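The residues making up each chain are set out below.
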Protein chains: 2
Amino acid sequence: MKEENSYEQIRSLFTGYMTDCKLRKTPERYAILECIYHFTGHFNAEMIYQKLVVNFRVSLATVYNTFEHLETCKLIIRHQFGGKLTQYEKAFGTQIHNHLVCTQCKNIKEFTDKQLRIAIQTKTFSKFDISHYSLYVYGTCSKCKEKIVSIQ
Amino acid sequence: MKEENSYEQIRSLFTGYMTDCKLRKTPERYAILECIYHFTGHFNAEMIYQKLVVNFRVSLATVYNTFEHLETCKLIIRHQFGGKLTQYEKAFGTQIHNHLVCTQCKNIKEFTDKQLRIAIQTKTFSKFDISHYSLYVYGTCSKCKEKIVSIQ
DNA sequence: TTTGTTGCAAAACGTTTGCAGCCTC
DNA sequence: GAGGCTGCAAACGTTTTGCAACAAA
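All figures in this text were calculated on a predicted structure; none of them were measured in a lab. (Residues numbered from 1 in each chain as written. Chains lettered and ligands numbered in written order. Predicted model: local features only at pLDDT ≥ 70, side-chain atom pairs only at ≥ 80, totals over all residues. Heavy atoms only, no water.)

(A) Focus on the interface of chain B and chain A. In this complex, chain B contributes 33 residues to the contact, which on the side of chain A involves 32 residues. Together, the buried faces of chain B and chain A total about 2,900 Å²; carbon and sulfur atoms form 64% of this surface. A per-residue breakdown of the area chain B buries against chain A is headed by Gln 80, Phe 128 and Tyr 138 of chain B, which together make up 21% of the total. Summed over the shared surface of chain B and chain A, the number is 4 salt bridges. A salt bridge links Lys 145 of chain B to Asp 129 of chain A, with the shortest nitrogen-to-oxygen separation between them at 3.6 Å. For the side of chain B that touches chain A, the element with the highest residue contribution is strand β5 (residues 128–141) of chain B, accounting for 14 residues. Looking at side-chain class alone, the side of chain B that touches chain A contains 16 nonpolar, 10 polar and 7 charged residues. Strand direction decides the pairing type here: strand β5 (residues 128–141) of chain A and β5 of chain B, joined by 13 bridges, are antiparallel. Looking across to β5 of chain B, one finds that Asp 129 of chain A is bridged to Thr 140 of chain B. (Contact = heavy atoms within 4.5 Å. Buried area = accessible area lost by both parts, 1.4 Å probe. Salt bridge = Lys/Arg side-chain N within 4 Å of Asp/Glu carboxyl O. Helix = DSSP H or I, 4+ residues; strand = E, 2+ residues; numbered from the N terminus. Nonpolar A, V, L, I, M, F, W, Y, C, P; charged D, E, K, R; others polar. Pairing = 2+ DSSP bridges.)

As structure tokens, this is what we get:
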């Protein structure tokens, strides 16, 4: 898999998208992209805003606005794992993966499964163009299993 | 698949759950369950509330409260298909199915795939107890594809 | 009688919007 | 210079909470 995407590569992808859509290339948008690039794991608008606002003048509204564009050009993927919180993750420099969601502690673990991926991706729908997919597997993680056992 | 679950069967499942958890068997909870039983397709708290309130004294808060219990005892499944709205569906009397979500018009179609279902369900995780799963496939539906073509 | 559950209204929360000013093109 | 984008604050819609009254056990 393409594990090595430099910031410059990602940035030029975003620039290309903005040019195509006649969007303006503002410093805010690049700052948000760069912040996401250096971020590990899942994030939301508030988290990126908090990280940036320390030494950069941005507003939450701009973060939301930029996320929308990043989502359409597939640089980030939006998730909603049961809670009300919308979470995102980078869609570059990472393998396609699925999510194990613990319904007790809400923790999320990732897993990859080549067979599953192929099964989903090769499925064709006569009247539907697939863009991407999300598989969420819900259950109880090992830590919470222990807790339940110890209570009984 | 078990396509024939009478309301009485479902009701007694719920009763059993409430007994086990030492919850009170209130008329409101049964009214909400019955309303859901007769509902087709996806629904949310507001929809059930609106249907019930016509000839029954309930509050939205109670609907939310009851949904939480119905979710834990797996009589309903919670979904969040990208939008901010939380949607639910019955988890009885229906086949396990996946969702095709159109990113343009937000319409949702269901599809079943036995092979996929088996592939997911037989996947075992050493430290994780699977309860259920949701597969969302995002893309563009036929109607929206036409629109895009006609614009260009 | 006890205390879980209710309706109601207010609050909370994440997200969106309206607008005047700014800055990219 | 035009108008897309910004920050700010107010508004929004869904969900949660606090509380006194109610009713299941």
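Moving on from the coordinates now.
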